[in-house]
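Single-letter residue listing:
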Amino acid sequence: FRQDYFTDENRVLKKDPQQDYHLEYAMENSTHTILAFSRELHTCDTNDKSITESTVRVIWAYHHKDMGEAGQNYHGSNRGTKSLRLLNPEKEEVLSSSLPYFDLTNKDVPVPDKDTTYWCQMFKIPVQHEKHHVTKVEPLIQKGHENLVHHILLYQCSSNLNDSVLDYGHECYHPNMPDSFLTCETVIFAWAIGGEGFTYPPHVGLSIGTAADPQFVLMEVHYDNPSYTEGLIDNSGLRLIYTSVLRKYDAGVIEAGLWVSLFHNIPPGMPEFVSEGHCTLECLEEALGAERPAGIHVFAVLLHAHLAGRAIRMRHFHNGEEQKLLAYDDEFDFNFQEFQYLKEERTILPGDNLITECHYSTVDRIRMTWGGLSTRNEMCLSYLLYYPRINLTRCASIPDIMEQLQFIGVKEIYRPVRQTWPFIIKSPKQYKNLSFMDAMNKFKWSRSEGLSYNELVLKLPVNVRCSKTDNAEWSIQGMTALPPEIERPYKTEPVICSSSSCLHCSLFLTLFVVHVTASTIGNIGPFV
(Lines give C-alpha, C1' and ligand atoms only; values in the text may rest on other atoms or scores of the structure.)
Protein backbone atom coordinates (compact mmCIF):
# COMPACT_ATOMS: atom_id res chain seq x y z
CA PHE A 1 0.00 0.00 0.00
CA ARG A 2 2.38 2.68 -1.24
CA GLN A 3 -0.26 4.99 -2.61
CA ASP A 4 -1.45 8.60 -2.61
CA TYR A 5 -4.17 9.24 -0.02
CA PHE A 6 -5.80 12.37 1.33
CA THR A 7 -7.87 13.13 4.41
CA ASP A 8 -11.10 15.04 5.01
CA GLU A 9 -12.35 17.16 7.90
CA ASN A 10 -13.23 13.96 9.79
CA ARG A 11 -9.60 12.77 9.51
CA VAL A 12 -10.65 9.78 7.40
CA LEU A 13 -8.04 8.62 4.86
CA LYS A 14 -9.31 8.23 1.31
CA LYS A 15 -7.48 6.99 -1.75
CA ASP A 16 -6.84 9.85 -4.15
CA PRO A 17 -8.21 9.12 -7.64
CA GLN A 18 -5.26 11.14 -9.02
CA GLN A 19 -2.06 9.35 -7.95
CA ASP A 20 0.65 12.03 -7.75
CA TYR A 21 3.15 10.52 -5.29
CA HIS A 22 5.68 8.07 -6.67
CA LEU A 23 7.94 5.74 -4.70
CA GLU A 24 11.54 6.18 -5.84
CA TYR A 25 13.13 3.55 -3.64
CA ALA A 26 12.87 1.88 -0.25
CA MET A 27 15.42 0.28 2.03
CA GLU A 28 15.77 -0.83 5.62
CA ASN A 29 18.07 -2.33 8.20
CA SER A 30 17.30 -3.74 11.63
CA THR A 31 16.32 -0.37 13.08
CA HIS A 32 15.27 1.97 10.27
CA THR A 33 12.98 1.99 7.26
CA ILE A 34 13.69 4.61 4.59
CA LEU A 35 11.27 5.61 1.84
CA ALA A 36 12.14 8.12 -0.87
CA PHE A 37 9.24 9.44 -2.89
CA SER A 38 8.58 12.29 -5.29
CA ARG A 39 5.78 14.57 -6.42
CA GLU A 40 5.27 17.49 -8.73
CA LEU A 41 5.28 20.84 -6.94
CA HIS A 42 1.91 21.88 -8.43
CA THR A 43 -0.32 18.92 -9.30
CA CYS A 44 -3.55 20.96 -9.61
CA ASP A 45 -5.21 18.09 -7.76
CA THR A 46 -7.79 19.58 -5.36
CA ASN A 47 -6.75 16.94 -2.83
CA ASP A 48 -3.09 18.06 -2.86
CA LYS A 49 -1.42 21.17 -1.47
CA SER A 50 0.92 23.03 -3.77
CA ILE A 51 4.51 22.97 -2.55
CA THR A 52 5.94 26.49 -2.45
CA GLU A 53 8.66 28.36 -0.59
CA SER A 54 6.25 28.79 2.33
CA THR A 55 6.33 26.70 5.49
CA VAL A 56 4.91 23.19 5.10
CA ARG A 57 3.57 21.31 8.11
CA VAL A 58 4.59 17.70 7.53
CA ILE A 59 2.52 15.13 9.45
CA TRP A 60 3.77 11.56 9.74
CA ALA A 61 2.41 8.37 11.29
CA TYR A 62 3.04 4.62 11.06
CA HIS A 63 1.87 1.29 12.46
CA HIS A 64 3.85 -1.91 12.92
CA LYS A 65 1.18 -3.96 11.12
CA ASP A 66 0.28 -3.93 7.43
CA MET A 67 -2.71 -1.96 6.22
CA GLY A 68 -5.51 -4.50 5.81
CA GLU A 69 -8.74 -4.74 3.85
CA ALA A 70 -10.57 -2.82 6.59
CA GLY A 71 -8.33 0.19 6.11
CA GLN A 72 -5.48 1.74 8.02
CA ASN A 73 -4.57 0.73 11.56
CA TYR A 74 -4.57 3.42 14.24
CA HIS A 75 -1.03 4.68 14.70
CA GLY A 76 -1.30 5.32 18.43
CA SER A 77 1.68 7.32 19.65
CA ASN A 78 3.73 6.60 16.49
CA ARG A 79 3.07 9.98 14.98
CA GLY A 80 4.43 13.49 14.83
CA THR A 81 4.57 16.76 12.98
CA LYS A 82 7.33 19.11 11.88
CA SER A 83 7.32 22.43 10.08
CA LEU A 84 9.78 22.62 7.19
CA ARG A 85 10.61 24.73 4.19
CA LEU A 86 10.94 21.99 1.62
CA LEU A 87 12.27 24.37 -1.04
CA ASN A 88 14.64 26.24 1.26
CA PRO A 89 17.21 23.72 2.53
CA GLU A 90 20.17 24.96 4.53
CA LYS A 91 23.09 25.83 2.30
CA GLU A 92 25.65 23.23 3.14
CA GLU A 93 29.19 24.47 3.07
CA VAL A 94 32.13 22.27 3.86
CA LEU A 95 33.54 23.86 6.99
CA SER A 96 36.65 22.45 8.55
CA SER A 97 35.90 20.85 11.90
CA SER A 98 39.08 22.47 13.16
CA LEU A 99 37.77 26.03 12.63
CA PRO A 100 37.84 28.05 15.85
CA TYR A 101 34.66 29.18 17.55
CA PHE A 102 33.44 30.97 20.63
CA ASP A 103 30.19 30.63 22.57
CA LEU A 104 27.98 33.41 23.87
CA THR A 105 25.76 31.70 26.44
CA ASN A 106 23.78 32.78 29.45
CA LYS A 107 25.01 31.48 32.79
CA ASP A 108 22.29 30.08 35.06
CA VAL A 109 19.67 32.71 34.23
CA PRO A 110 16.64 32.35 36.52
CA VAL A 111 13.64 32.59 34.18
CA PRO A 112 10.78 34.32 36.05
CA ASP A 113 7.42 32.60 36.41
CA LYS A 114 5.73 35.06 34.08
CA ASP A 115 4.45 35.03 30.52
CA THR A 116 7.25 36.93 28.77
CA THR A 117 10.82 37.77 29.77
CA TYR A 118 13.53 39.46 27.71
CA TRP A 119 16.95 38.79 29.24
CA CYS A 120 20.00 40.80 28.19
CA GLN A 121 23.63 39.87 28.74
CA MET A 122 26.68 41.79 27.54
CA PHE A 123 29.67 39.94 26.04
CA LYS A 124 33.06 40.94 24.73
CA ILE A 125 34.07 39.46 21.39
CA PRO A 126 37.20 37.41 22.16
CA VAL A 127 38.75 37.94 18.71
CA GLN A 128 40.55 41.30 18.73
CA HIS A 129 43.26 43.20 16.81
CA GLU A 130 42.96 41.24 13.55
CA LYS A 131 40.11 40.89 11.07
CA HIS A 132 38.29 37.55 10.90
CA HIS A 133 35.00 36.44 9.39
CA VAL A 134 32.26 34.53 11.18
CA THR A 135 31.11 31.89 8.69
CA LYS A 136 28.39 30.12 10.67
CA VAL A 137 26.19 30.79 13.69
CA GLU A 138 24.55 27.93 15.58
CA PRO A 139 21.91 28.10 18.34
CA LEU A 140 22.88 26.47 21.64
CA ILE A 141 19.49 25.81 23.20
CA GLN A 142 19.53 24.07 26.57
CA LYS A 143 17.98 20.62 26.32
CA GLY A 144 14.33 20.72 27.32
CA HIS A 145 14.08 24.47 26.72
CA GLU A 146 13.27 24.28 22.99
CA ASN A 147 9.85 25.88 23.55
CA LEU A 148 11.03 28.26 26.28
CA VAL A 149 13.62 30.13 24.19
CA HIS A 150 11.59 31.92 21.53
CA HIS A 151 14.25 34.04 19.86
CA ILE A 152 17.77 35.41 20.30
CA LEU A 153 19.01 38.73 18.93
CA LEU A 154 22.64 39.79 18.92
CA TYR A 155 23.30 43.57 18.97
CA GLN A 156 26.46 45.55 18.40
CA CYS A 157 27.13 47.99 21.26
CA SER A 158 29.17 51.16 21.61
CA SER A 159 32.91 50.61 21.29
CA ASN A 160 33.45 53.10 24.14
CA LEU A 161 32.38 50.61 26.80
CA ASN A 162 34.77 48.83 29.14
CA ASP A 163 34.88 45.41 30.76
CA SER A 164 32.84 46.55 33.77
CA VAL A 165 29.65 46.02 31.71
CA LEU A 166 30.37 42.29 31.54
CA ASP A 167 29.71 41.61 35.21
CA TYR A 168 26.04 40.73 35.05
CA GLY A 169 22.93 40.35 32.94
CA HIS A 170 19.61 42.08 33.49
CA GLU A 171 16.03 42.03 32.27
CA CYS A 172 15.84 44.02 29.03
CA TYR A 173 13.54 47.05 28.62
CA HIS A 174 13.42 47.41 32.40
CA PRO A 175 13.63 50.81 34.14
CA ASN A 176 16.63 49.61 36.16
CA MET A 177 18.61 48.02 33.35
CA PRO A 178 22.19 49.33 32.89
CA ASP A 179 22.63 52.42 30.72
CA SER A 180 25.21 50.52 28.65
CA PHE A 181 22.38 48.38 27.22
CA LEU A 182 20.95 51.50 25.59
CA THR A 183 24.02 51.75 23.34
CA CYS A 184 23.18 48.41 21.69
CA GLU A 185 20.91 49.24 18.76
CA THR A 186 22.45 47.49 15.77
CA VAL A 187 21.25 43.92 15.13
CA ILE A 188 24.07 41.76 13.76
CA PHE A 189 22.34 38.38 13.97
CA ALA A 190 18.88 36.98 14.66
CA TRP A 191 17.67 33.47 15.49
CA ALA A 192 14.08 32.41 16.18
CA ILE A 193 12.35 29.28 17.43
CA GLY A 194 12.50 26.30 15.08
CA GLY A 195 15.49 27.66 13.19
CA GLU A 196 18.76 25.82 12.84
CA GLY A 197 22.30 27.00 12.28
CA PHE A 198 22.94 29.66 9.64
CA THR A 199 25.86 29.37 7.21
CA TYR A 200 26.98 32.50 5.36
CA PRO A 201 27.54 32.24 1.59
CA PRO A 202 31.17 31.55 0.61
CA HIS A 203 31.80 35.15 -0.49
CA VAL A 204 30.32 36.79 2.66
CA GLY A 205 31.13 36.76 6.37
CA LEU A 206 30.30 38.62 9.57
CA SER A 207 33.38 40.75 10.24
CA ILE A 208 34.96 40.71 13.71
CA GLY A 209 38.30 41.88 15.06
CA THR A 210 38.70 45.41 13.65
CA ALA A 211 37.90 48.81 15.15
CA ALA A 212 34.79 49.09 12.94
CA ASP A 213 33.51 45.70 14.10
CA PRO A 214 31.59 44.87 17.27
CA GLN A 215 33.80 44.64 20.35
CA PHE A 216 30.96 44.46 22.85
CA VAL A 217 27.71 42.72 21.97
CA LEU A 218 24.40 42.38 23.76
CA MET A 219 22.58 39.07 23.53
CA GLU A 220 18.82 39.42 24.01
CA VAL A 221 16.97 36.18 24.75
CA HIS A 222 13.18 36.12 24.63
CA TYR A 223 11.77 33.55 27.08
CA ASP A 224 8.18 32.48 26.43
CA ASN A 225 6.69 30.95 29.58
CA PRO A 226 2.88 30.99 29.10
CA SER A 227 2.34 28.31 31.80
CA TYR A 228 4.23 30.43 34.38
CA THR A 229 6.53 27.52 35.25
CA GLU A 230 8.64 28.20 38.32
CA GLY A 231 12.28 27.36 38.98
CA LEU A 232 13.54 27.41 35.39
CA ILE A 233 17.29 28.00 34.98
CA ASP A 234 18.60 28.60 31.45
CA ASN A 235 22.04 28.47 29.82
CA SER A 236 21.14 28.93 26.14
CA GLY A 237 22.97 31.10 23.63
CA LEU A 238 24.85 31.12 20.32
CA ARG A 239 28.03 29.58 18.89
CA LEU A 240 29.99 31.65 16.35
CA ILE A 241 32.39 29.76 14.07
CA TYR A 242 35.01 31.97 12.43
CA THR A 243 38.06 31.91 10.15
CA SER A 244 41.11 34.02 9.40
CA VAL A 245 40.68 33.24 5.69
CA LEU A 246 38.73 36.34 4.74
CA ARG A 247 35.72 36.43 2.45
CA LYS A 248 35.25 39.11 -0.18
CA TYR A 249 32.43 41.02 1.57
CA ASP A 250 31.33 41.97 5.08
CA ALA A 251 27.71 41.11 5.93
CA GLY A 252 25.23 43.56 7.41
CA VAL A 253 21.71 43.31 8.84
CA ILE A 254 18.81 45.72 8.30
CA GLU A 255 15.72 45.52 10.51
CA ALA A 256 12.72 46.50 8.39
CA GLY A 257 8.98 46.62 8.99
CA LEU A 258 6.77 48.10 11.70
CA TRP A 259 8.41 49.81 14.67
CA VAL A 260 7.20 47.84 17.71
CA SER A 261 4.69 50.08 19.51
CA LEU A 262 1.04 50.48 20.52
CA PHE A 263 0.54 52.46 17.30
CA HIS A 264 0.40 49.01 15.67
CA ASN A 265 -2.86 47.38 16.73
CA ILE A 266 -5.34 44.78 15.48
CA PRO A 267 -9.07 44.63 16.34
CA PRO A 268 -10.53 41.46 17.88
CA GLY A 269 -12.60 38.90 16.01
CA MET A 270 -10.93 39.45 12.65
CA PRO A 271 -10.36 36.39 10.40
CA GLU A 272 -7.86 38.51 8.48
CA PHE A 273 -6.21 41.84 9.19
CA VAL A 274 -3.28 43.25 7.24
CA SER A 275 -0.53 45.48 8.65
CA GLU A 276 2.30 47.10 6.70
CA GLY A 277 5.74 48.26 7.78
CA HIS A 278 7.53 50.57 5.36
CA CYS A 279 11.23 50.75 4.59
CA THR A 280 10.63 53.99 2.75
CA LEU A 281 12.06 55.29 -0.48
CA GLU A 282 13.23 58.38 1.44
CA CYS A 283 15.30 56.35 3.93
CA LEU A 284 16.88 54.10 1.32
CA GLU A 285 17.51 57.06 -0.99
CA GLU A 286 19.47 58.90 1.70
CA ALA A 287 21.38 55.94 3.16
CA LEU A 288 22.24 54.19 -0.11
CA GLY A 289 22.88 57.45 -1.92
CA ALA A 290 25.49 58.40 0.67
CA GLU A 291 27.05 54.99 1.29
CA ARG A 292 26.42 52.69 -1.66
CA PRO A 293 24.83 54.18 -4.80
CA ALA A 294 25.49 50.89 -6.63
CA GLY A 295 23.17 49.15 -4.17
CA ILE A 296 23.38 46.35 -1.63
CA HIS A 297 22.77 42.65 -2.23
CA VAL A 298 20.31 40.77 -0.01
CA PHE A 299 21.01 37.03 0.34
CA ALA A 300 18.72 35.93 3.20
CA VAL A 301 15.62 37.17 5.05
CA LEU A 302 14.05 36.31 8.42
CA LEU A 303 10.32 37.10 8.60
CA HIS A 304 9.07 37.65 12.17
CA ALA A 305 5.65 37.86 13.82
CA HIS A 306 3.95 36.39 16.89
CA LEU A 307 0.98 34.14 17.65
CA ALA A 308 -1.66 35.96 15.57
CA GLY A 309 0.59 35.93 12.48
CA ARG A 310 -0.67 33.87 9.53
CA ALA A 311 1.35 35.10 6.54
CA ILE A 312 4.22 37.55 5.89
CA ARG A 313 5.43 38.95 2.58
CA MET A 314 8.39 41.21 1.84
CA ARG A 315 7.41 43.37 -1.14
CA HIS A 316 10.05 45.13 -3.24
CA PHE A 317 9.47 48.18 -5.46
CA HIS A 318 11.97 49.83 -7.83
CA ASN A 319 11.09 53.35 -8.99
CA GLY A 320 7.49 52.61 -8.03
CA GLU A 321 7.25 49.38 -10.02
CA GLU A 322 6.71 46.17 -8.07
CA GLN A 323 9.34 43.45 -8.39
CA LYS A 324 9.05 39.77 -7.53
CA LEU A 325 8.53 39.19 -3.80
CA LEU A 326 11.80 39.42 -1.90
CA ALA A 327 10.63 36.74 0.55
CA TYR A 328 7.32 35.31 1.69
CA ASP A 329 5.70 32.73 3.94
CA ASP A 330 1.98 32.24 3.29
CA GLU A 331 1.78 29.47 5.92
CA PHE A 332 3.59 31.26 8.75
CA ASP A 333 4.26 29.11 11.83
CA PHE A 334 5.04 30.98 15.05
CA ASN A 335 7.10 27.98 16.24
CA PHE A 336 9.27 27.83 13.11
CA GLN A 337 11.09 31.02 12.16
CA GLU A 338 14.45 30.97 10.40
CA PHE A 339 16.41 32.83 7.75
CA GLN A 340 15.27 32.04 4.22
CA TYR A 341 18.12 31.91 1.72
CA LEU A 342 17.16 33.69 -1.48
CA LYS A 343 17.47 31.56 -4.62
CA GLU A 344 19.06 34.59 -6.28
CA GLU A 345 20.58 37.55 -4.48
CA ARG A 346 18.46 40.70 -4.78
CA THR A 347 19.95 44.15 -5.34
CA ILE A 348 18.37 47.05 -3.40
CA LEU A 349 19.05 50.43 -5.04
CA PRO A 350 18.41 54.12 -4.35
CA GLY A 351 14.85 54.69 -5.56
CA ASP A 352 13.64 51.37 -4.09
CA ASN A 353 11.23 50.86 -1.22
CA LEU A 354 10.30 47.74 0.75
CA ILE A 355 7.04 46.81 2.45
CA THR A 356 6.71 44.10 5.10
CA GLU A 357 3.10 42.91 4.72
CA CYS A 358 1.77 40.89 7.67
CA HIS A 359 -1.52 39.02 7.79
CA TYR A 360 -3.12 38.21 11.15
CA SER A 361 -6.13 36.34 12.52
CA THR A 362 -7.73 37.40 15.81
CA VAL A 363 -10.98 35.41 15.55
CA ASP A 364 -10.32 33.84 18.96
CA ARG A 365 -9.63 37.16 20.73
CA ILE A 366 -12.11 39.50 22.40
CA ARG A 367 -9.76 42.43 23.07
CA MET A 368 -7.38 44.47 20.93
CA THR A 369 -4.01 42.95 20.00
CA TRP A 370 -1.20 45.46 20.48
CA GLY A 371 2.23 45.81 19.00
CA GLY A 372 4.61 44.77 21.76
CA LEU A 373 7.22 42.38 23.11
CA SER A 374 5.03 39.56 24.46
CA THR A 375 4.14 36.67 22.17
CA ARG A 376 0.51 37.62 22.88
CA ASN A 377 1.34 41.05 21.44
CA GLU A 378 2.31 41.35 17.78
CA MET A 379 5.25 42.27 15.59
CA CYS A 380 5.69 42.72 11.83
CA LEU A 381 9.40 42.63 11.06
CA SER A 382 11.87 41.49 8.43
CA TYR A 383 15.59 41.03 9.04
CA LEU A 384 17.59 41.40 5.83
CA LEU A 385 21.07 39.86 5.59
CA TYR A 386 23.03 41.64 2.88
CA TYR A 387 26.45 42.82 1.67
CA PRO A 388 28.49 44.97 1.53
CA ARG A 389 27.82 46.38 5.00
CA ILE A 390 26.66 50.02 5.15
CA ASN A 391 25.68 52.29 8.01
CA LEU A 392 21.96 51.50 7.99
CA THR A 393 20.60 49.31 10.76
CA ARG A 394 16.86 50.03 10.84
CA CYS A 395 14.47 51.04 8.07
CA ALA A 396 10.97 50.99 9.52
CA SER A 397 7.82 53.02 10.09
CA ILE A 398 5.17 53.95 12.66
CA PRO A 399 1.58 54.70 11.54
CA ASP A 400 0.00 58.00 12.53
CA ILE A 401 -2.16 57.68 15.64
CA MET A 402 -4.53 60.67 15.44
CA GLU A 403 -6.69 59.21 12.67
CA GLN A 404 -6.86 55.94 14.58
CA LEU A 405 -8.39 57.88 17.46
CA GLN A 406 -10.75 59.73 15.15
CA PHE A 407 -11.99 56.41 13.75
CA ILE A 408 -13.41 55.38 17.13
CA GLY A 409 -14.87 58.87 17.66
CA VAL A 410 -12.29 60.55 19.90
CA LYS A 411 -12.48 64.34 19.65
CA GLU A 412 -10.06 65.74 22.28
CA ILE A 413 -7.03 64.41 24.17
CA TYR A 414 -4.68 65.85 26.78
CA ARG A 415 -1.39 64.85 28.36
CA PRO A 416 -1.28 65.01 32.17
CA VAL A 417 1.67 66.86 33.71
CA ARG A 418 3.11 63.68 35.20
CA GLN A 419 2.43 61.51 32.21
CA THR A 420 3.32 62.29 28.62
CA TRP A 421 2.19 59.00 27.07
CA PRO A 422 -0.12 57.31 26.79
CA PHE A 423 -2.26 60.42 26.69
CA ILE A 424 -5.72 60.70 28.25
CA ILE A 425 -8.92 61.24 26.27
CA LYS A 426 -10.93 64.36 27.16
CA SER A 427 -13.99 63.88 24.93
CA PRO A 428 -16.46 62.52 23.95
CA LYS A 429 -18.08 61.52 27.22
CA GLN A 430 -17.97 57.73 26.70
CA TYR A 431 -14.16 57.85 26.52
CA LYS A 432 -13.52 60.59 29.08
CA ASN A 433 -10.36 59.97 31.17
CA LEU A 434 -9.61 56.74 29.32
CA SER A 435 -6.24 55.89 27.83
CA PHE A 436 -5.80 55.09 24.14
CA MET A 437 -5.71 51.35 24.92
CA ASP A 438 -8.83 51.46 27.11
CA ALA A 439 -10.78 53.43 24.52
CA MET A 440 -9.85 51.08 21.69
CA ASN A 441 -10.93 48.11 23.81
CA LYS A 442 -14.21 49.84 24.76
CA PHE A 443 -15.12 50.50 21.11
CA LYS A 444 -17.64 47.93 19.86
CA TRP A 445 -15.69 46.20 17.11
CA SER A 446 -17.56 44.29 14.43
CA ARG A 447 -16.00 42.64 11.40
CA SER A 448 -17.27 45.39 9.15
CA GLU A 449 -15.80 48.03 11.49
CA GLY A 450 -12.56 46.05 11.54
CA LEU A 451 -12.42 45.97 7.73
CA SER A 452 -13.04 49.72 7.53
CA TYR A 453 -10.35 50.32 10.13
CA ASN A 454 -7.94 48.12 8.18
CA GLU A 455 -8.53 50.15 5.01
CA LEU A 456 -7.85 53.32 7.00
CA VAL A 457 -4.60 52.30 8.69
CA LEU A 458 -3.04 51.08 5.43
CA LYS A 459 -3.39 54.59 4.00
CA LEU A 460 -2.24 56.56 7.07
CA PRO A 461 0.90 58.73 6.92
CA VAL A 462 3.88 57.03 8.56
CA ASN A 463 6.69 58.28 10.76
CA VAL A 464 10.02 57.22 9.22
CA ARG A 465 12.59 55.31 11.29
CA CYS A 466 16.00 55.39 9.59
CA SER A 467 18.83 54.49 11.98
CA LYS A 468 22.60 54.19 11.94
CA THR A 469 24.92 52.37 14.33
CA ASP A 470 25.72 53.83 17.78
CA ASN A 471 22.21 55.33 18.11
CA ALA A 472 22.87 57.79 15.28
CA GLU A 473 20.15 58.66 12.76
CA TRP A 474 19.88 59.61 9.13
CA SER A 475 18.32 63.06 8.64
CA ILE A 476 15.08 61.54 7.33
CA GLN A 477 14.43 59.95 10.77
CA GLY A 478 11.22 61.29 12.30
CA MET A 479 9.91 62.75 9.04
CA THR A 480 6.38 61.96 7.86
CA ALA A 481 5.88 60.10 4.59
CA LEU A 482 2.83 58.85 2.74
CA PRO A 483 2.59 55.14 1.97
CA PRO A 484 2.86 54.41 -1.76
CA GLU A 485 -0.30 53.85 -3.78
CA ILE A 486 -0.07 50.15 -4.53
CA GLU A 487 -2.32 47.16 -5.05
CA ARG A 488 -3.28 45.76 -1.65
CA PRO A 489 -2.83 43.09 -0.57
CA TYR A 490 -0.19 41.48 -2.77
CA LYS A 491 -1.75 39.30 -5.45
CA THR A 492 -0.03 35.92 -5.61
CA GLU A 493 1.00 34.63 -9.01
CA PRO A 494 -1.34 31.99 -10.45
CA VAL A 495 -0.15 28.41 -10.07
CA ILE A 496 0.86 26.69 -13.29
CA CYS A 497 -0.02 23.02 -13.33
CA SER A 498 2.84 20.65 -14.03
CA SER A 499 3.26 19.43 -17.57
CA SER A 500 5.98 18.03 -19.77
CA SER A 501 6.30 21.40 -21.47
CA CYS A 502 6.93 23.24 -18.20
CA LEU A 503 10.55 22.68 -17.19
CA HIS A 504 10.49 24.61 -13.90
CA CYS A 505 7.13 23.12 -12.86
CA SER A 506 8.24 19.53 -13.39
CA LEU A 507 10.86 19.60 -10.65
CA PHE A 508 10.56 16.73 -8.24
CA LEU A 509 10.74 16.98 -4.49
CA THR A 510 12.30 14.07 -2.66
CA LEU A 511 11.55 13.38 0.99
CA PHE A 512 13.08 10.76 3.24
CA VAL A 513 10.87 9.15 5.86
CA VAL A 514 13.03 7.67 8.60
CA HIS A 515 11.71 6.07 11.76
CA VAL A 516 12.86 3.45 14.22
CA THR A 517 10.92 0.24 13.83
CA ALA A 518 11.51 -3.45 13.46
CA SER A 519 8.82 -3.70 10.80
CA THR A 520 9.30 -4.46 7.13
CA ILE A 521 8.95 -2.08 4.22
CA GLY A 522 5.56 -3.51 3.41
CA ASN A 523 4.25 -2.36 6.75
CA ILE A 524 4.30 1.30 5.79
CA GLY A 525 0.90 2.84 5.16
CA PRO A 526 -0.11 5.37 2.52
CA PHE A 527 1.65 8.62 1.72
CA VAL A 528 -0.36 11.58 3.02
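For clarity, every value in this text was computed on a predicted model and none was experimentally measured. Throughout this description, residue numbers start from 1 for each chain and increase along the sequence as written. Confidence filtering applies because this is a predicted model: local features only for residues at pLDDT of at least 70, side-chain atom pairs given and counted only at 80 or more, and all residues used for totals across whole chains, interfaces and linings. The side-chain quantities take in all heavy atoms of the structure and omit both hydrogens and water.

### Thoughts on the overall build of the protein
Part 1 of the reasoning: A run of H or I in DSSP counts as a helix once it spans at least four residues, and a run of E counts as a strand once it spans at least two, with each numbered from the N terminus. For the protein, the count of helices and strands is four helices and 36 strands.
Part 2 of the reasoning: Looking at the protein residue by residue over its 528 residues, the buried ones come to 52%.
Part 3 of the reasoning: Counting every atom, the protein has about 25,400 Å² of accessible surface; 52% of that belongs to carbon and sulfur. Throughout, exposure labels follow a simple rule: accessible area from a 1.4 Å probe, protein chains only, divided by the maximum for the residue type, with under 20% read as buried, over 50% as exposed, and the rest as partly exposed. Under the convention used here, a 1.4 Å probe and the Shrake-Rupley method define accessible areas, while residue burial counts only the protein chains that appear.

### Describing unusual backbone geometry
Part 1 of the reasoning: Following Tyr387, the chain continues to Pro388 via a peptide bond in cis, the omega torsion being -15 degrees.
Part 2 of the reasoning: Note on placement: Pro388 falls in the loop between strand S30 (381-387) and strand S31 (394-399).
Part 3 of the reasoning: In this structure, the amide linkage connecting Ser427 to the following residue, Pro428, adopts the cis form with an omega of 10 degrees.
Part 4 of the reasoning: Relative to the helices and strands, Pro428 is located in the loop between strand S33 (424-427) and helix H3 (436-442).

### Some details on the nonpolar core
Part 1 of the reasoning: Nine residue types can take part in a nonpolar core, namely buried Ala, Val, Leu, Ile, Met, Phe, Trp, Tyr and Cys, and a core is a set of them joined through side-chain atoms within 4.5 Å. Of all hydrophobic cores here, the largest spans 59 residues; its most connected members are Leu384 and Leu392.
Part 2 of the reasoning: Residues within four places of Leu384 in sequence aside, it is in contact with Gly252, Val253, Ile254, Ala256, Val298, Ala300, Val301, Met314, Leu326 and Leu354.
Part 3 of the reasoning: Counting 58 residues, the second-largest nonpolar core is a separate cluster that includes Cys157, Ile188, Met219 and Ala251. Any two residues whose heavy atoms approach within 4.5 Å are treated as being in contact.

### Things to note about the pattern of salt bridges
Oppositely charged side chains can form a pair if their charged atoms are brought close together.
Part 1 of the reasoning: The term salt bridge refers to a pairing of a side-chain nitrogen on Lys or Arg with a carboxyl oxygen on Asp or Glu at a separation within 4 Å. In this structure the tally under the stated criterion is 21 salt bridges.
Part 2 of the reasoning: Asp103 is paired through a salt bridge with Arg239; the nearest N and O atoms lie 2.7 Å apart. Of this pair, Asp103 sits in strand S7 (residues 101-105) while Arg239 sits in strand S18 (residues 237-243), and the two are 136 residues apart along the sequence.
Part 3 of the reasoning: Take Asp103: its relative accessible area is 33%, and that puts it in the partly exposed class.
Part 4 of the reasoning: For Asp115, the salt bridge identified is with Arg376, shortest N-O distance 2.4 Å.

### Quick look at the sheet that holds strand S34 (residues 462-467)
Part 1 of the reasoning: Taking strand neighbours across the sheet as the criterion, the seven strands line up as S27-S23-S30-S20-S31-S34-S35 in an open arrangement whose pairing is mixed. Where the open sheet ends on each side, the last strands, each with one partner, are strand S27 (340-348) and strand S35 (480-481).
Part 2 of the reasoning: For strand S23 (residues 296-304) and S30, the ladder comprises seven bridges, and the chain directions are antiparallel. Bridge assignment links Leu302 to a residue of S30, and that residue is Tyr383. Think of it this way: DSSP has to see at least two bridges between two strands before they count as a pair.

### Digging into the sheet that holds strand S11 (residues 149-156)
Part 1 of the reasoning: Read from one edge of the open sheet, five strands run S12-S9-S16-S11-S13, paired in antiparallel fashion. Each edge of the sheet is formed by a strand with only one pairing partner; in this case those strands are strand S12 (170-171) and strand S13 (186-192).
Part 2 of the reasoning: The pairing of strand S9 (residues 116-124) with strand S16 (residues 216-224) spans nine bridges and is antiparallel. Across the sheet, residue Trp119 finds its bridge partner in S16, namely Val221.

### Observations concerning helix H4 (residues 447-457)
Part 1 of the reasoning: All of the buried residues in H4 are Gly450, Tyr453, Asn454 and Val457. Angularly, the buried residues of H4 cover 105 degrees about the axis, an arc narrow enough to put them on a single face.
Part 2 of the reasoning: Against strand S21 (265-266), strand S22 (273-279), helix H2 (402-407) and H3 lie the buried residues of H4. This arc corresponds to the set of directions leading from the helix axis out to the C-beta atoms.

Scope: geometric values only; no functional claims are made or implied.
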